[in-house]
Amino acid sequence: MLELFPEGFEELESDQGLELAAYTDAGGEERLWAAFGTVSASAVPVDWETRWRAFHRPVQLGPLWVGPPWEERPAQGAAVIIDPGRAFGTGGHPTTRLCLELLLAVERGSLVDVGCGSGVVAIAAAGLGFDPVVAIDHDPAAVDAAERNAKANGVTLDLRRADALADDLPAVDLAVVNVSAAFVRELSGRLRARDLIASGYFEPEAPELLGFRHCERRVMDGWAADLFRAEG
């Protein structure tokens, strides 16, 4: 199979053992017959290139609608249009939704979104009146997606490709860190923020953060998000 399809093939477990599947044309099918003698073939659905869109559904959080560009936006209320590209998410994951719920409830000011992904939280924050908004990610694909989405929504972000655990972070009123409990624990001592929204972990996890006291928790589908305030 490696010789026939050096670009890759799929391994599937079946009742008969290990099944190897290649996505190919008629010529590739003939090569399989010649090599193995017995093969089965099925047509790939014509819409295979767009089926991934079914996993990205819009969400409505109070006055805020967040969704991908191929979904119809509501006629009223604030809308954030997010095309994920190769970055994570269009706002439907529980941790993102919980962060947005807390974002709607906190005082406006300056904001940094650490691990911004496709820019959902940062763009929503800019649309809700937070200013300035800094969006940081170490993944260049995430920074590119966030930049495209910011332009599509007509908002201005200070986008930075950086390692949040090593590079300088701005002093802000609110930091949002939707990555993991271990990451936010390690990062907390480097943050210069009045408030902190943290998520990316399951409900049983309750991170204790250096320099912050816990204020509020919200949960959804087994996930959690917490609001902290700087001590002192």
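You'll find the structure just up there.
Residues numbered from 1 in each chain as written. Predicted model: local features only at pLDDT ≥ 70, side-chain atom pairs only at ≥ 80, totals over all residues. Heavy atoms only, no water.

S.K.: What is the right way to read the sheet that holds strand S7 (residues 133–137) from this model?
M.R.: Strand pairs in the sheet, formed through backbone hydrogen bonds, run parallel or antiparallel to each other. Reading across from one edge, S8-S7-S6-S9-S10-S12-S11 is the order of the seven strands in this open sheet, with mixed pairing throughout. Either end of the sheet is taken by a strand with one partner, and the two such strands are strand S8 (158–161) and strand S11 (212–220). Geometrically, the sheet is characterised by an average inter-axis angle of 15° between neighbouring strands, direction not taken into account. Direction of pairing for strand S9 (residues 171–178) relative to strand S10 (residues 192–202): parallel, over a ladder of seven bridges. Paired with Asn178 across the two strands is Ser199, which belongs to S10. Its contacts with the sheet put helix H4 (residues 140–153) on S7 and S8, and the angle it makes with S8 is roughly 165°. (Pairing = 2+ DSSP bridges. Helix = DSSP H or I, 4+ residues; strand = E, 2+ residues; numbered from the N terminus. Axes fitted to C-alpha atoms, helices over the stretch in contact; angles between N-to-C directions. Contact = heavy atoms within 4.5 Å.)

S.K.: Looking at this structure, I do not really get the side chain of Thr96. What am I missing?
M.R.: Topologically, Thr96 is positioned in helix H2 (residues 94–105). Those residues in contact with Thr96 that lie beyond four places of it in its chain are Gly91, Val120, Val121 and Asn178.

S.K.: Looking at this structure, how should I read the sheet that holds strand S3 (residues 59–61)?
M.R.: Taking strand neighbours across the sheet as the criterion, the three strands line up as S3-S4-S5 in an open arrangement whose pairing is mixed. The open sheet terminates on both sides in strands that have one partner only, identified here as S3 and strand S5 (78–81). On average, each strand axis in the sheet is tilted by 20° relative to the strand beside it, whichever way the strands run. One ladder, built from four bridges, connects strand S4 (residues 64–67) with S5; its direction is parallel. Across the sheet, Gly67 pairs through a bridge with Ile81, a residue of S5. Across the sheet, H2 touches S3 and S4, and the angle it forms with S3 is around 25°.

S.K.: So what exactly am I meant to see when it comes to unusual backbone geometry here?
M.R.: In terms of backbone geometry, most residues other than glycine have negative phi values and most peptide bonds are trans. Cis geometry is found at the peptide bond from Asp131 to Pro132, where omega equals -5°. In this fold, Pro132 is placed in the loop between helix H3 (120–128) and S7. Of note in this structure, Asp221 is not a glycine but carries a positive phi near 50°. Counting through the fold element by element, Asp221 comes out in the loop between S11 and strand S12 (223–230). Judged by its relative accessible area of 63%, Asp221 is exposed. (Buried < 20%, exposed > 50% of the residue type's maximum accessible area, 1.4 Å probe, protein only.)

S.K.: I tried to follow the layout of surface pockets on my own but got confused; where do I start?
M.R.: The method is simple in principle: a probe with the dimensions of a water molecule rolls over the atoms, and the space it marks as empty is what remains. Roughly 700 Å³ of internal volume is contained in the largest pocket. In this structure, the largest pocket is lined by 22 residues; those nearest its centre are Leu20, Ala21, Ala22, Ser40 and Ala41. For the lining of the largest pocket, the elements supplying multiple residues, two or more each, are strand S2 (17–21) and helix H1 (26–36). Looking at side-chain class alone, the lining of the largest pocket contains 15 nonpolar, four polar and three charged residues. (1 Å grid on protein atoms, 1.4 Å probe; cavity = no way out; pocket = protein on both sides within 12 Å on 5 of 7 lines; lining within 4 Å. Points joined across faces, edges and corners; volume = space filled by probe spheres on them. Nonpolar A, V, L, I, M, F, W, Y, C, P; charged D, E, K, R; others polar.)

S.K.: Could you clarify how one ought to interpret the environment of Gln76 in this entry?
M.R.: Among the structural elements, Gln76 can be located in the loop between S4 and S5. By relative accessible area, Gln76 is classed as exposed at 71%. Taking the C-alpha atoms as reference points, Gln76 and Pro58, separated by 18 residues in sequence, lie 15 Å from one another.

S.K.: Sorry, what's going on with the environment of Ile82 here?
M.R.: On the secondary structure map, Ile82 appears in the loop between S5 and H2. With 94 residues separating them in the primary sequence, Ile82 and Val176 have C-alpha atoms 18 Å apart.

S.K.: What is the right way to read the pattern of salt bridges from this model?
M.R.: For the structure shown, the criterion picks out nine salt bridges. In this structure, Arg160 engages Asp158 in a salt bridge whose closest nitrogen and oxygen atoms are separated by 2.8 Å. With relative accessibility at 31%, the residue Arg160 sits in the partly exposed group. The shortest N-O distance in the salt bridge between Glu216 and Arg218 comes to 2.9 Å. Among the residues examined, Glu216 registers a relative accessible area of 28% and is labelled partly exposed. Sharing partners across several salt bridges, the network here consists of Glu107, Asp173, Arg194, Asp195 and Arg229. (Salt bridge = Lys/Arg side-chain N within 4 Å of Asp/Glu carboxyl O.)

Purely geometric stuff here, so don't read any function into it on its own.
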